Amino acid sequence: MKRLLNCTASDFQKMTGRDLKEAIEASEGRTMVAETVCTAPSLYPGITNAEYVAAFGADLILLNFFDVNEPKIEGLDGVSANELLRTVKKMVGRPVGVNLEPVDVDARGAEDLSTLPTGRIATYESLKRAKELGADFVCLTGNPKTGVTNKEITNAIQRAREVFGEDGLIIAGKMHGAGVKGEAGVNIVSEEVVHQFVNAGADVILLPGVGTVPGSTVEKTVKFVEQAKQAGALAMTTIGTSQEGADEETIKQIALYNKMAGADLHHIGDAGFTGLAVPENIMAYSIAIRGRRHTFTRMAASILR
């Protein structure tokens, strides 16, 4: 088993979710995850946003708004629905996962909530379809105004574990309130919630990055990270509050705070430009947590290796 820092495309092709988790853990807080809205217009026509974030140093790519019943990746035409995910994986040479959202129909909305297509909701059928399409991992989280609650995330983790088995990689948690009253700011996550997610079968606990939501301090994040790790899970800090479009100095500050807090994975969101982070911010974050050597190697390594 290699640490993820030293993995190339051929290594990723052979990995199970369990292998991927071990490779991330061995990299000691130096794994970059970049999210893209796969249905949004590409930064420039003729290329997918997944390719952009890979080129700027992402290790793992997370597709947001991916509808497993009607798969679409903007910039990737002429590929059958069943092969779409596998094709983009070959093109970028990185593990690619999808967001599915555990919508709670009984959620108390803090704002008007959106209605999602069934192919984006974390049902048993959608999770099974995501596995069939070739997702390397699944992230159970909520976009703004979706009504995703921690209670339903817990239920979805159990469904995902049943579908993906022990070798699946399951990430779970909220980056922001997702439009739910009582689950925003300091109430997004608690020690009880972390405990529930790990017991339900989550491999990676998703936490708001330090400074990304009100009350997300280093001290509080350390507490949640340590709890997750003591229970055998990893921790992923996230930027899901459009700060992926902030200046590079802000990005580097968030990055170092998240590393101080003990993050195993560092996520950067998709709202810098239309459907992806400001590409230079991906590189800036990566350099902050692992230096130019590993950042440039990830950027430059051929997918034929």
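Residues numbered from 1 in each chain as written. Predicted model: local features only at pLDDT ≥ 70, side-chain atom pairs only at ≥ 80, totals over all residues. Heavy atoms only, no water.

J.: How would you summarise the packing of helix H7 (residues 191–200) against helix H8 (residues 218–230) if you had to cite specific residues and measurements?
T.: The N-to-C vectors of H7 and H8 enclose an angle of 25 degrees; their axes lie 10 Å apart at closest approach. The angle between H7 and H8 places the two elements in the roughly parallel class. The way H7 lies across H8 gives a crossing that is right-handed. In this structure, H7 contributes Glu191, Val194 and His195 to the contact, and H8 contributes Lys223, Phe224, Gln227 and Ala228. Residues belonging to the contact of H7 with H8 are distributed by class as follows: 3 nonpolar, 2 polar and 2 charged. (Axes fitted to C-alpha atoms, helices over the stretch in contact; angles between N-to-C directions. Helix = DSSP H or I, 4+ residues; strand = E, 2+ residues; numbered from the N terminus. Parallel < 35°, antiparallel > 145°, perpendicular 65-115°, else oblique. Left-handed = near helix turned anticlockwise from the far one by under 90°. Contact = heavy atoms within 4.5 Å. Nonpolar A, V, L, I, M, F, W, Y, C, P; charged D, E, K, R; others polar.)

J.: I'd like a rundown of the pairing of strand S4 (residues 137–140), residues and numbers included.
T.: The alternating pattern of S4 places Phe137 and Cys139 on one face and Val138 and Leu140 on the opposite face, and all of these are buried. Pairing between strand S3 (residues 96–100) and S4: 4 bridges, direction parallel. Across the sheet, Gly97 pairs through a bridge with Phe137, a residue of S4. One ladder, built from 3 bridges, connects S4 with strand S5 (residues 170–172); its direction is parallel. Across the sheet, Cys139 pairs through a bridge with Ile171, a residue of S5. (Buried < 20%, exposed > 50% of the residue type's maximum accessible area, 1.4 Å probe, protein only. Pairing = 2+ DSSP bridges.)

J.: Just give me the short version of the sheet that holds strand S6 (residues 204–208), but keep the residues and values in it.
T.: Overall, parallel pairing links the 8 strands, which are arranged S1-S2-S3-S4-S5-S6-S7-S8 in a closed barrel. Averaged over all adjacent pairs, the angle separating strand axes in this sheet is 25 degrees, with direction ignored. Direction of pairing for S6 relative to strand S7 (residues 234–238): parallel, over a ladder of 5 bridges. Its bridge partner lying in S7, Pro208 is registered against Thr238. Each of S4 and S5 is contacted by helix H6 (residues 150–164), which is oriented at about 165 degrees to S4, the strand it contacts most.

J.: Which residues make up helix H9 (residues 248–261), and what are the values?
T.: Counted at 1.5 Å a residue, the expected span for H9 with its 14 residues is 20 Å, and the 20 Å between its end C-alpha atoms agrees. When we look at burial in H9, the residues that qualify are Ile251, Ile254, Ala255, Asn258 and Ala261. On an axial view of H9, the arc spanned by its buried residues comes to 125 degrees, and they lie on one face. More than 90 degrees from the buried face of H9, the exposed residues found are Glu249 and Met260. Each element contacted by the buried residues of H9 is listed here: H8, S7, strand S8 (265–268) and helix H10 (279–300). (Expected span 1.5 Å × (residues − 1). Arc of directions from axis to C-beta.)

J.: Tell me what's going on with the nonpolar core, and back it up with residues and numbers.
T.: Residues Ile61, Leu63, Phe66, Leu85, Leu140 and Ile205 are the most contacted members of the largest nonpolar core, which totals 64 residues. Top contributing element to this core by residue count: H6, with 6 residues. With residues near it in sequence (within four places) discarded, Leu63 still touches Thr36, Cys38, Ile73, Leu85, Val96, Gly97, Val98 and Asn99. Counting residues in hydrophobic clusters, the runner-up holds 20 residues, among them Leu20, Val33, Met175 and Leu265. (Core = buried A, V, L, I, M, F, W, Y, C linked by side-chain atoms within 4.5 Å.)

All we've got here are geometric facts, nothing functional implied.
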